[in-house]
Amino acid sequence: MDAALLLLADSRLPAGGHAHSGGAEQAVRAGAITGTEDLARFLRGRLATTGLVTAALSAAACHLAVLLGSHGEDGGRPWTEPSAAAAAESETDARAAWRELDAEADARTASPAQRYAARTQGRLLLRSGRRIWPSPVLDTLAQAVPDGVHHPIALGAVAAAAGCSRHDAAMAAAYTSITGPATAAVRLLGLDPVVVHRVLAGLVPDLSGVARTATAAASGTVEAGVAARGTAAEAVLRIAWEELPAHAAPALDLLAEQHLRTEVRLFVS
Amino acid sequence: MGVTTGGTTEVTPVQAIGAAPVRGGTGRRALFARAAVATALSGGRTVLDTLRSAPPLTLRQTGPGTVHLVATAAGPLGGDDLGLSIDVAPGTVLTIASVASTLVLPGPEESAESVLVVDARVGAGATLVYAPEPTVLAAGCAHRMVVRLTLEEGASVSWREEIVFGRHGERPGRCHARFDTTAGGVPLLRQEFVVGDPAVDASPAVYGDARCVGTTLLAGPAFGTPPGEAVISAGCAVLPLAGQGTLVSALAPDAPTLRARLTWGETQILPA
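Residues numbered from 1 in each chain as written. Chains lettered and ligands numbered in written order. Predicted model: local features only at pLDDT ≥ 70, side-chain atom pairs only at ≥ 80, totals over all residues. Heavy atoms only, no water.

As annotated in an unreviewed UniProt entry, chain B carries the name Urease accessory protein UreD and is attributed to Sphaerisporangium melleum. You can read under Subunit (unreviewed entry) in the UniProt record for chain B the words "UreD, UreF and UreG form a complex that acts as a GTP-hydrolysis-dependent molecular chaperone, activating the urease apoprotein by helping to assemble the nickel containing metallocenter of UreC. The UreE protein probably delivers the nickel." Chain B has a UniProt comment under Subcellular location (unreviewed entry) that states "Cytoplasm". (UniProt positions renumbered as here; feature names shortened; annotations may be inferred.)

The name given to chain A in an unreviewed UniProt entry is Urease accessory protein UreF, with the source organism recorded as Sphaerisporangium melleum. Per UniProt, the comment on chain A under Sequence similarities (unreviewed entry) is "Belongs to the UreF family." Quoted verbatim from the Function (unreviewed entry) heading of the UniProt record, the comment on chain A is "Required for maturation of urease via the functional incorporation of the urease nickel metallocenter."

As C-alpha cells, this is what we get:
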C-alpha cells in the first residue's frame, strides 16, 4: 500500500464526497434502514454490487493511466516516437481510450440519477486531483470527458497520478463505496458512530475480497488487451473492458431516482 | 432449412441436432444442447431460415415470425450446458416467447452448474421481441445465465428477463446472470445479477424484501422514444440509459406483481 492511498481515501480530501449518501438517505426515509443492523445489510449489499463494479473501474482506470503515462519513458517501442504528429495521434488515442472506459461505466449505471451523481463527484475529484497531483494524464482525462468523468474512473486516474497501485485504487473505491453511506447514516439517524465503525470493521474481510477481485478483473482485462495487440497505443483502444464486473443493485437504482424527486434533502445523492 | 412463416398449412420441422447426453447420474442425464433460430427476408416478409431445436430447448413456430420455447425435458438441471442462438436478419421481425416458466433444478452432482447462454444478433432495421416466462430458481440449483445481445444500426429490441427466487416459500439456490448489450458496437447495458447469498440478497441496497427481480430493455425505433427522465412507481423504475434505450427495472414480492410492474413500466415509453 502506498501512503498516498490514505490521502486519497480520506473523507477530508476536498473533493465533495461528503455531500453524497449513496442511497442511504433515501433508504432511511423509506424505512429500509432504521438502525445499525439494517445499515450493515445495506453496506454489505452495496459493497458486493456497486462497490465491486466501481473498484474494478477504478483499478482499470489506474492501469490505463499508467499505460498512457508511460509514453516517452519506455524507449524502443513504436508508440513512443517523439515526433509532434505521433504525439498528437497518441493524445487522440488516449482520449478515445478514456471515453471508451467512461462508456463502460455508463453501460453499468442504468439510473440517470446515479450517472449524474457519479459524474458530479468525478468532476470534483478530478479538479482537486489535478491540483494536488498534477499530471498530463489527468489533463488528458479532463479533456476527454469535459462534462465530468464517472467517479471511479477519476479515482483510478488520480490514484495513478498519486503513485498508487491498481490494488490501492480498487481499495479506495471499495472503501468509499461504504464509508460515505455509513457516515451519512450516522448523521441521519443519530447512530452511535462507534457502533457504525464496528459495522465497518466487520466488513473489512469483504473489502479486501472486493479489492482483490476487482484488481484481478481489471488486470486480466488490460493484460489480455495488451498481449493481443502490437503496441500499447493500439492496445488501449481495444481492451476488452466488457469483461469487468457489472453487478447491478436494483434497489439502489430505485432509491437514487426516488431521492432525486424528494424535495427536502440533506445529501446530493 | 426452409421453414417459412405465414402459411397456415406449415408444419414446423423440429430437429434434435446437437443434443447429446454428456453425463450420467440419477434422474435424467445432463444435456449438451445448441438450439438456433434465424430469420431471413423473403419477398418483403419474415421467414424462418433456421429453426433448430435441441432438447430441452425445443422451438416451435406458433405464428408468422413467432417462435415459442417449449421445454421438452425438466430443468435446466445442474450439469446442463445449453445454448440458444438467435439471428434476426436485417429488416425482419421475430418474437420469442415461452409456454411456461423455466424451473432451474439441482443436478445429480451437487456442485455442477447449469449453464444457459443466449447469443442474439438483431440486424439493421430488424425487430426482436424476447419475452419468455420467468426463470424460477429452485432450492439447491446452481445456474449461470449469459445473454449477449448485439444490436446493429437501427435495430429494435424488447428483451424481458424475470428471475424468481424459489417456488412459494422456498429458499432459492444460486444464480449468476449476466446481460451484455451493445448497439452499433457501443456498450448499451451491462448488468449482472447474483442470487443466493442471503447476506446480499436481503440487503436494502440490492433486492430488499423482494422475491423476484426483472428487467425489460427497450431500444430502437420500433419501441418509441425513451422518456426524457426516469419515471418511478412502487417497485419499478423506468430508466433512460446513457445510450439510446430504456431499462424498465422492477422488484416484487411475487411473479404476477413483477409482471404487472414491468408491463406498467413498458407503457411509460412514448409510442413510436
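That was the structure; now back to the text.
In this section: the overall build of chain A. What chain A contains, in helices and strands, is 12 helices and zero strands. For chain A, the α and β elements follow one another from N to C terminus as α-α-α-α-α-α-α-α-α-α-α-α. On C-alpha atoms alone, chain A measures out to a radius of gyration of 19 Å, which is about the 18 Å that the 2.2 N^0.38 rule sets for 269 residues. Considered along the principal axes of its C-alpha atoms, chain A spans approximately 60 × 35 × 30 Å. The buried share among the 269 residues of chain A stands at 57%. (Helix = DSSP H or I, 4+ residues; strand = E, 2+ residues; numbered from the N terminus. Rg over C-alpha atoms; globule rule 2.2 N^0.38 Å. Buried < 20%, exposed > 50% of the residue type's maximum accessible area, 1.4 Å probe, protein only.)

All told, the structure shown has 23 salt bridges over all chains when counted by the stated rule. Here Glu104(A) ties to Arg190(B) by a salt bridge, and the two come within 2.6 Å at their closest N and O atoms. Within this pair, whereas Glu104(A) is found in helix α4 (residues 84-107), its partner Arg190(B) is found in strand β15 (residues 186-195), the two belonging to separate chains. For the pair Glu104(A) and Arg190(B), a shared accessibility class is recorded, and that class is buried. Among the salt bridges present, the one from Glu162(B) reaches Arg160(B), with a minimum N-O distance of 3.7 Å. (Salt bridge = Lys/Arg side-chain N within 4 Å of Asp/Glu carboxyl O.)

Time to look at the packing of helix α3 (residues 36-69) of chain A against helix α8 (residues 166-189) of chain A. Working note: a packed helix pair is described by the angle between its axes plus the distance between those axes. Residues and elements named next belong to chain A. The N-to-C vectors of α3 and α8 enclose an angle of 150 degrees; their axes lie 7 Å apart at closest approach. The crossing of α3 and α8 is right-handed. Facing Leu39, Phe42, Leu43, Arg46, Leu47, Gly51, Thr54, Ala55, Ser58, Ala59, Cys62 and His63 of α3, the residues of α8 in contact are Arg166, Ala169, Ala170, Ala173, Ala174, Ser177, Ile178, Pro181, Ala182 and Ala185. Of the residues that constitute the contact of α3 with α8, the class distribution is 15 nonpolar, five polar and two charged. (Axes fitted to C-alpha atoms, helices over the stretch in contact; angles between N-to-C directions. Left-handed = near helix turned anticlockwise from the far one by under 90°. Contact = heavy atoms within 4.5 Å. Nonpolar A, V, L, I, M, F, W, Y, C, P; charged D, E, K, R; others polar.)

Residues and elements named next belong to chain A. Axis separation between α3 and helix α7 (residues 151-161) bottoms out at 7 Å; the angle between their running directions is 45 degrees. Taken together, the axes of α3 and α7 lie oblique to each other. With respect to the hand of their crossing, α3 and α7 are arranged in right-handed fashion. Every residue of α7 that contacts α3 at Thr54, Leu57, Ser58, Ala61, Cys62, Ala65 and Val66 is listed here: Pro152, Ile153, Leu155, Gly156, Ala157 and Ala160. For the contact of α3 with α7, the per-class residue count stands at 10 nonpolar, three polar and no charged. (Parallel < 35°, antiparallel > 145°, perpendicular 65-115°, else oblique.)

This part is about helix α6 (residues 136-144) of chain A. All names here are of chain A. Listed as buried for α6 are Val137, Leu138, Thr140, Leu141, Ala142 and Ala144. In this fold, the buried residues of α6 make contact with α3, α4, α5 (112-132) and α7. The opening residue of α6, the one whose side-chain oxygen lies 3.1 Å from the backbone nitrogen of Val137, is Ser135. (Polar contact = N/O pair within 3.5 Å; in protein donor to acceptor, adjacent residues only side chain to side chain.)

All names here are of chain B. All chains considered together, the criterion is met by two cavities of 30 Å³ or more. Looking at the largest cavity, its volume works out to about 90 Å³. For the lining of the largest cavity, the secondary-structure elements that each account for two or more residues are β12 (142-151), β13 (156-164), β14 (174-183), β15 and β16 (212-219). (1 Å grid on protein atoms, 1.4 Å probe; cavity = no way out; pocket = protein on both sides within 12 Å on 5 of 7 lines; lining within 4 Å. Points joined across faces, edges and corners; volume = space filled by probe spheres on them.)

On the side of chain B, 35 residues touch chain A, which itself brings 35 residues to the contact. Across the chain A to chain B interface the summed buried area is about 2600 Å²; carbon plus sulfur atoms make up 66%. The three residues of chain A that bury the most area against chain B are Ala107(A), Pro250(A) and Leu254(A), which together make up 21% of that side's buried surface. At the boundary of chain A and chain B, one finds one salt bridge. Those elements giving two or more residues to the side of chain A that touches chain B turn out to be α3, α4, α5 and α12 (250-260) of chain A. (Buried area = accessible area lost by both parts, 1.4 Å probe.)

Attention now moves to the nonpolar core. Formed by 137 residues in total, the largest nonpolar core has its most connected members in Trp98(A), Leu101(A), Ile86(B), Leu128(B) and Trp159(B). In terms of residue count, the dominant contributor to this core is α3(A) (17 residues). Other than its neighbours up to four places away in sequence, Ile86(B) contacts Val37(B), Leu94(B), Ile96(B), Val118(B), Asp119(B), Ala120(B), Arg121(B), Leu128(B), Tyr130(B) and Trp159(B). By size, the runner-up hydrophobic cluster in this structure holds 12 residues, among which are Leu218(B), Cys236(B), Leu258(B) and Leu262(B). (Core = buried A, V, L, I, M, F, W, Y, C linked by side-chain atoms within 4.5 Å.)

Here we come to the environment of Val222(A). Residue and element names in this part refer to chain A. One can find Val222 in helix α10 (residues 204-228). A relative accessible area of 1% places Val222 in the buried class. C-alpha of Val222 to C-alpha of Arg198: the two residues are 24 residues apart in sequence and 36 Å apart in space. When near neighbours in sequence (up to four residues on either side) are disregarded, Val222 contacts His63, Leu67, Ile239 and Trp241.

Residue and element names in this part refer to chain B. Residue Pro56 follows Pro55 across a cis peptide bond; omega there is 10 degrees. Considering the arrangement of structural elements, one finds Pro56 in the loop between β3 (45-52) and β4 (57-63). Going from Gly75 to Pro76, the amide bond is cis rather than trans, its omega being 20 degrees. The topology assignment puts Pro76 in the loop between β5 (66-71) and β6 (81-88).

Okay, the packing of aromatic side chains next. Between two aromatic rings, the relevant description is the distance of the centres plus the angle of the planes. Residues and elements named next belong to chain B. Summed over all chains, the structure comprises three aromatic pairs over all chains. Both rings, one in Phe165 and one in Tyr207, keep their centres 5.0 Å apart while their planes meet at 65 degrees; by these two values the pair is edge-to-face. With Phe165 in the loop between β13 and β14 and Tyr207 in the loop between α1 (198-201) and β16, this residue pair connects regions lying 42 residues apart in the sequence. This pair shows no difference in class: Phe165 is buried, exactly as Tyr207 is. (Phe/Tyr/Trp six-rings, centres within 6.5 Å; stacked < 30°, edge-to-face > 60°.)

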